[in-house]
Each structure stands twice: as C-alpha cells, then as structure tokens.
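# What the coordinates show
Each chain, written out:
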Amino acid sequence: MTSLRFGKILGISLELHSTFLLMMVLIIIFLSVFDPQNLLPTLMILVFLFVSVFIHELFHSIVAVTKGIKVSKITLLPIGGLSMTSEMPQKALDEFLIAIAGPAFNFIVVIAIIFIAGIFPSSWPGHIISNPDISPEELNNALFAYPLFGLFWVNLMLGAFNLFVPALPLDGGRVLRAILSTRLGFSKATKIATGISKIIAAILFLVGFFIGNLFLPIIAVFVFLGASQENEIVFIREVFNGLTAKDALNRRPQKLKPDATVGKAFAKMTEKKQPVFLLDSTNPLFVSVEMLERVKKDERNFVKAHEIAQPVPAVNAALQLEKTLAAMLSKNTPVLAVKEKEKIIGFIFEQDIQQLLRIKKAEKQLA
Ligand code: ZN
C-alpha cells in the first residue's frame, strides 16, 4: 500500500497512508448519502483528530531526534499515527521521555482549552456536560456545536488512551516497559510487557465485540501484532549484542561483470540462488533481482547490468550489528559496504544477517 507525502518537517517526511485516504472518502460518501446534516461537523472532528495525531507523533519524534535517534517519516493510518525510527532507544529513560512526549502534547492542549473556556464561557457547553446523566447523543451534539469542546475531547481521548492503556506498542506500554527495564533489564521487561499487552488486546477485542464497537477489535489486532513485533526486535538485539558490522562480513562475495546483460544476470542469480550481486567495478555497485525485473522483457538482452546498477552505501566496521541492520532498512538496500580506515574490507548482505538470525533462533530453541 502506498502513502501520499504532503510535507517535511525537520527532515521527517509526513505521509497519509492510502487506507487513511480511503477511509476519509468512505466516511464522506456515507454521510453525504445517509446523514448530510452531520457531514460538516464530523469532518471538523476528523480534522481535529488528524492534526492532533500528527502533532502527537511529531512530539515523540522531536524528543527521539534530541536523543540521537533518526526519524525518517510519520505516517497517518486509520487507527492512528506511526513514526518510523531508525532504531529503538537504548536507555530506559530515553524510551520513557519519548513515550510521554506525545500524550504530553495532548494534555497541554486539554489544559490550555480549560483556561480558554474559563475566559470565554460562551464557547464552552458547561451547562450540557456538567449534567452527570448526559447521553451519548447529547455529548455528540455538544462536540459538534462547540468546536473548542470538540478539540478538547479529541485530545483528552488521544492522550488518555495512548498513555493509560499499558500495552505495547502504545505509549502506555512503552512507559511500562521503561519502568520495568530499570529493574529487570530490557529483554525481561519486554517479555512481561508483551505478555500484558496480549492480555489487554484480548480484553479490548471482547469489549469491542460485546458493546458493538468496531474500532476496538481493530486496535486489539494492532496491539497484538505490534507486541509480537517488539518481542522479535528484542530477540534481534539479544542475538546481536556485542557484535559489529565486521562480524557479519562476507569477505569474498561473488561478482558479476558490469557489461553482463540483464538476461545473463538473471541466469546467474538463478544458478547461484543469490538475489543480489555486486558488480566487478572500482566503485561498489550492485544489482538486485527486483532491479532486473523492472527492465522490460524485450530489452533484457541489450541492457547491461552497470546501466541499472546502484551504488552500495557504506557503514563503519565498528558499527553495532543491530544498527547496521537498521541502516540497511532505512537506506532500503540489500547490501552494505563495510569500511575500516576509509578502506572497504568487505560487504554485508541482507540474506547473511537473516541467516545468522535463523541460526541463532534455532540455537536458542535447542538450548
Ligand atoms: Zn504516541
């Protein structure tokens, strides 16, 4: 699924995911047909939500950047925002500060609005919401009729849900893990936090099912999958602990002649069962099976490998292996050149790292 990029702040690309756009279009069509009166107020609340989620994510990202973690993009999905970072924070305090920064923004807005409402009472539906027996419908009407209250409500819900549900990958789960890991260490803290997260996911799913709320089961699935992924990341960190780029070197990779045709390159990849090849050239270049596939079928006997090849990005030999893998993902490359004292001493292929992980996983299961 693709994303639509609409801006860039502090080197962070801001994107709307296609499923988010699809959801907006469906909501607009649905309301224009069945409930045209509520179209504009609903759109207003959605815009509040959309802007608040973005700034919430931006606050996470700004704190992450000050802690030396690169943030490549923020994507808005139908279930919320997602910040793509190059790595996880190493220190519990950093993770804690990054996690609370997002909800902190929402609560700042909430407090500011309470002050503004005190100064301009007519902008605030005090007489409606002070009623303890307020019905969901009355609350809805107040949200639509008083924009200030709408903005207040959106930020209150966003801040509270993210901070007070202690499930990974939500902010509350990160806070929980950060607190646990000061005593138990990162791996054990993650195992406990992911266990709790899965129980919460099950509860959210059932509650949503019984009260007829479609949104909660979707969030439950997101929490369940996200928590499993956190476990995987911790596993990688454990396995790679103490290893550097130099430890995963492939010192004698097979090379391809630069003037080999795309067709020949394909044949060699199939023969050697290797999806990425370096070119035999002075500057390191590579071709991958995906790059070959982009060449039209009738041109594959004329186009040469060096015409479609791309330069191999380089990393330092002393770089931690975990960060090397992160660099590979963020640079979106299947191979990295490893440099020591400005000289290339070898290469690391994505498949080497995957293989190393598989072996370590097997070792762990046997142990
Ligand atoms: Zn957050």
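Structure shown above.
Residues numbered from 1 in each chain as written. Predicted model: local features only at pLDDT ≥ 70, side-chain atom pairs only at ≥ 80, totals over all residues. Heavy atoms only, no water.

### Describing unusual backbone geometry
The cut-off we apply is this: A run of DSSP states H or I qualifies as a helix once it reaches four residues; a run of E qualifies as a strand once it reaches two. Both are numbered from the N-terminal end.
Here Leu-168 and Pro-169 are connected by a cis peptide whose omega angle stands at 0°. The backbone phi angle of Glu-342 is positive, close to 65°, even though this residue is not glycine. Within the secondary structure layout, Glu-342 lies in the loop between β10 (335–340) and β11 (343–349).

### Observations regarding the sheet that holds strand β1 (residues 3–9)
Selection criterion: In this scheme, strands are said to pair when DSSP sees at least two bridges between them. Angles run from 0 to 180 degrees between N-to-C directions of axes, and those axes are lines fitted to C-alpha atoms, restricted for helices to the stretch in contact.
The sheet built from four strands is open, its strands ordered β1-β2-β3-β4 with mixed pairing. Whereas interior strands pair on both sides, the edge strands pair on one side only; in this sheet they are β1 and β4 (80–85). Strand-to-strand twist of the sheet, defined as the mean angle between neighbouring strand axes without regard to direction, takes the value 20°. Of the pairings in the sheet, the one linking strand β3 (residues 71–77) to β4 comprises six bridges and is antiparallel in character. The partner of Thr-75 across the bridge, within β4, is Leu-82.

### So, the environment of Ala-101
Test applied: Contacts were defined at the residue level, with two residues in contact if any of their heavy atoms lie within 4.5 Å.
One can find Ala-101 in helix α3 (residues 92–119). A sequence separation of 214 residues divides Ala-101 from Val-315, and the C-alpha atoms of the two residues are 31 Å apart. Contact partners of Ala-101, with chain neighbours within four places excluded, come to Phe-59, His-60 and Val-63.

### Comments concerning helix α13 (residues 321–330)
One turn of an α-helix holds 3.6 residues; hence residues three or four places apart share an orientation. The line we're drawing: Whether a residue is buried, partly exposed or exposed follows from its accessible area with a 1.4 Å probe, protein chains only, as a fraction of its type maximum: under 20%, in between, or over 50%, in that order.
Counting buried residues along α13, seven of its ten residues qualify, which places the element largely inside the surrounding structure. Buried within α13 we find Leu-321, Glu-322, Thr-324, Leu-325, Ala-326, Ala-327 and Met-328. Next to the buried residues of α13 lie α9 (215–240), β9 (314–316), β10, β11 and α14 (350–366). Once α13 ends, the next one or two residues include Asn-332, with phi positive near 55°.

### Structural notes on the environment of Pro-136
Inspection of the secondary structure puts Pro-136 in helix α5 (residues 136–145). Given a relative accessible area of 68%, Pro-136 falls into the exposed group. As for Pro-136 and Lys-273, which are separated by 137 residues in sequence, their C-alpha atoms are 61 Å apart.

### Topic: the coordination of the zinc ion
Under ideal tetrahedral coordination, the four donors around a metal are separated by 109.5 degrees; under ideal octahedral coordination, the six donors are separated by 90 or 180 degrees. For clarity, the threshold we go by: Metal-coordinating donors are taken as N, O and S atoms lying within 2.8 Å of the metal, or within 3.2 Å when the metal is Na, K or Ca; because water is left out, some sites can appear incomplete. A site with four donors is called tetrahedral when every donor-metal-donor angle falls between 85 and 135 degrees; four donors are called square planar, and six octahedral, when opposite donors sit more than 155 degrees apart and all other angles fall between 65 and 115; any other arrangement is irregular.
Taken together, the protein donors to the zinc ion comprise His-56 (NE2), His-60 (NE2), Asp-171 (OD) and Asp-171 (OD), at separations of 2.0 to 2.6 Å. Around the zinc ion sit four donor atoms, and with donor-metal-donor angles ranging over 55 to 151° the site reads as irregular. Counting gaps between the donor residues of the zinc ion yields the pattern H-x3-H-x110-D. In this pair, His-56 is assigned in helix α2 (residues 39–66) and Asp-171 in helix α7 (residues 171–184), connecting sequence segments 115 residues apart. Note on accessibility: His-56 and Asp-171 belong to one class, buried.

### Here we look at the pairing of β1
Pairing between β1 and strand β2 (residues 12–17): six bridges, direction antiparallel. Within β2, the residue paired with Leu-4 across the bridge is Leu-16. Between β1 and the antiparallel strand that follows it, β2, lie two residues; Leu-10 among them carries a positive phi value of about 55°.

### Here's the deal with α5
Applicable threshold: Note: the arc covers the axis-to-C-beta directions of the helix.
Along α5, the positions that sit buried rather than exposed are Leu-139, Ala-142 and Leu-143. An end-on view of α5 places all buried positions within 100° of arc, on one side of the element. What points out from α5, more than 90 degrees from its buried face, is the exposed set Glu-137 and Ala-145. Considering only its buried residues, α5 is in contact with α2, α4 (126–129) and α6 (147–164).

### Some thoughts on the packing of aromatic side chains
Stated precisely, the cut-off is as follows: Stacked, tilted and edge-to-face are the three classes applied to pairs of Phe, Tyr and Trp rings, where Trp contributes its six-membered ring and a pair requires centres within 6.5 Å; stacked means planes under 30 degrees apart, edge-to-face means over 60, and tilted covers the rest. Criterion for a charge above a ring: Arg CZ or Lys NZ at most 6 Å from the ring centre, at most 35 degrees from the ring normal.
For the structure on display, the rule yields twelve aromatic pairs. Relative to Phe-50, the ring of Phe-6 lies with its centre 6.4 Å away and its plane at 45°, an arrangement referred to as tilted. Within this pair, whereas Phe-6 is found in strand β1, its partner Phe-50 is found in helix α2, the two being separated by 44 residues in sequence. Members of the aromatic cluster, each reached through a chain of ring pairs, are Phe-6, Phe-20, Phe-50 and Phe-54. Taking NZ or CZ as reference, Lys-198 lies 5.2 Å from the ring centre of Phe-224, over its face.

### A short note on the sheet that holds strand β5 (residues 255–256)
Taken together, the four strands give an open sheet; going across it, the order is β5-β6-β7-β8, and neighbouring strands pair in mixed fashion. Because the sheet does not close on itself, it has two edges, and the strands there are β5 and β8 (310–311). Note that strand β6 (residues 276–279) and strand β7 (residues 285–288) share three bridges and pair antiparallel. Across the sheet, Phe-277 pairs through a bridge with Val-287, a residue of β7. In this fold helix α10 (residues 262–272) packs onto β5, β6 and β7, with an angle of close to 125° to the strand it touches most, β6.

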